[in-house]
Amino acid sequence: MAPAQRLIRFSGTLRRTEAPRRPTTPPPSPPPKKLKPLSEVMAKAGFAVVEKNDYSDVSCEQCGSGERGDELLLCDKCDKGFHMKCVRPIVVRVPIGSWLCPNCSGHHRRLRSFSQKKIIDFFRIQKCGSDKKKKDKCSMISPMPSPQDARKRRRRSGSLVLQKKRRRLLPFVPTEDTSQRLKQMSSLASALTALHMEFSDDLTYMPDMAPRSANKAKFENGGMQVLSKEDSETLEQCRAMCKRGECPPLIVVFDSCEGYTVEADGQIKDMTFIAEYTGNVDYLKNREHDDCDSMMTLLLATNPSKSLVICPDKRGNIARFINGINNHTPEGRKKQNCKCVRYSVNGECRVFLVATRDIAKGERLYYDYNGYEHEYPTHHFV
């Protein structure tokens, strides 16, 4: 017989027991933080946005008018108003995000100079080996080819009498003065730096944008003209010169009305290759609401979702600073001295800027932004 078990009724509250704890002293409280006075904070702040409930009394600082409120831009630093047409440089589209007027953005400052070493690093100019003779041949301060050598090359190219006449691209002729060449490249480096851009003489394909496989000339609606063998050789010759630091005779200047613009720093003949339009490649559908005023059509595909554009907002070259004409006025159309041409090069789309007439030294370069779609607003271009 099993032993009897005693049942005990428990009417209290069940809880887990634990070992007695030692009394602990609370940690010392941190010293109170010293706050800077508001006047000191405001003095060091970049800019402050003051919220207003009513902007009905805002007027343009340039023309003094408060009309056309849909075109009035408010500077996020000084809180002053400017019409898109009155501000210099003119603002074509309503900016996305914050906007600073020219005085607050600092774009009116002068172009700064760069040393030769900084220019070599900035443009990634090819450096030669230790051999002195090789250095002299490919240095950025190498002498220009003599006219006799150029005539020899022309003779070897063969006669064109029996061939159909066709306008061929001409290579640009770099400035002979090496110090002036440094000045030209310094002006470009200064303009790119002011816009927080990197120099790039090639199309770039970023992971979050269009891949290189999307850039196929066969997708072009109606087909694309193919760059001839002779013009391909001219293109490679110009690219080789740029890699050696022998840039086209162009200089970037800042104009209070047009912003950064490009001037010829030497004689440029008709049909001369000026530059390739470079930058990040992206799908047009991703940039439909982009306020970048320098996007360039690269591919107009039969399927609109595959159309591509070049976006020189982060990377680019001197083509980024060549301005467009007002193609709605005869005076604007007369200013055009170069054109934008798209070619198929090894099956890929490329965009080149080519002179359409002889350009004199000191003349500014202009081309028609509406070479293809006729959708870019140029009514207010000067």
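Residues numbered from 1 in each chain as written. Predicted model: local features only at pLDDT ≥ 70, side-chain atom pairs only at ≥ 80, totals over all residues. Heavy atoms only, no water.

Named according to an unreviewed UniProt entry, the chain is [histone H3]-lysine(27) N-methyltransferase originating from Castanea mollissima. Of the comments in the UniProt record for the chain, the one headed Catalytic activity (unreviewed entry) reads "L-lysyl(27)-[histone H3] + S-adenosyl-L-methionine = N(6)-methyl-L-lysyl(27)-[histone H3] + S-adenosyl-L-homocysteine + H(+)". Under Subcellular location (unreviewed entry), UniProt gives the following word-for-word description of the chain: "Nucleus". (UniProt positions renumbered as here; feature names shortened; annotations may be inferred.)

A.B. asks: Can you walk me through the pairing of strand β8 (residues 279–283) in this structure?
C.D. replies: Within a regular beta strand, the side chains point alternately toward one face of the sheet and then the other, so they alternate between its two faces. Most of β8 is tucked away, with five of its five residues classed as buried. The sheet contact formed by strand β4 (residues 203–204) and β8 spans two bridges and is parallel. From the neighbouring strand, Thr204 faces β8, where its bridge partner is Asn280. Pairing of β8 with strand β10 (residues 308–311), which is carried by four bridges, proceeds in the antiparallel orientation. From the neighbouring strand, Asn280 faces β10, where its bridge partner is Cys311. (Buried < 20%, exposed > 50% of the residue type's maximum accessible area, 1.4 Å probe, protein only. Helix = DSSP H or I, 4+ residues; strand = E, 2+ residues; numbered from the N terminus. Pairing = 2+ DSSP bridges.)

A.B. asks: So what exactly am I meant to see when it comes to the packing of aromatic side chains here?
C.D. replies: Here the distance between the centres and the angle between the planes together describe a pair of aromatic rings. Taken as a whole and assessed by the stated rule, the structure comprises four aromatic pairs. Pairing Phe273 with Phe352 gives two aromatic rings, centres 5.5 Å apart and planes at 70°, and the pair type is edge-to-face. Here Phe273 is found in strand β7 (residues 273–276), whereas its partner Phe352 is found in strand β14 (residues 348–355), with 79 residues between them in sequence. With a relative accessible area of 6%, Phe273 lands in the buried category. One aromatic cluster is present, formed by Phe254, Tyr260 and Phe321 through successive ring pairs. The ring of Tyr283 carries the charged tip of Lys285 above its face, separated from the ring centre by 5.2 Å. Stacked on the ring of Phe219, the Lys or Arg Lys306 has its end atom at 5.1 Å from the ring centre. (Phe/Tyr/Trp six-rings, centres within 6.5 Å; stacked < 30°, edge-to-face > 60°. Lys NZ or Arg CZ within 6 Å of the ring centre and 35° of its normal.)

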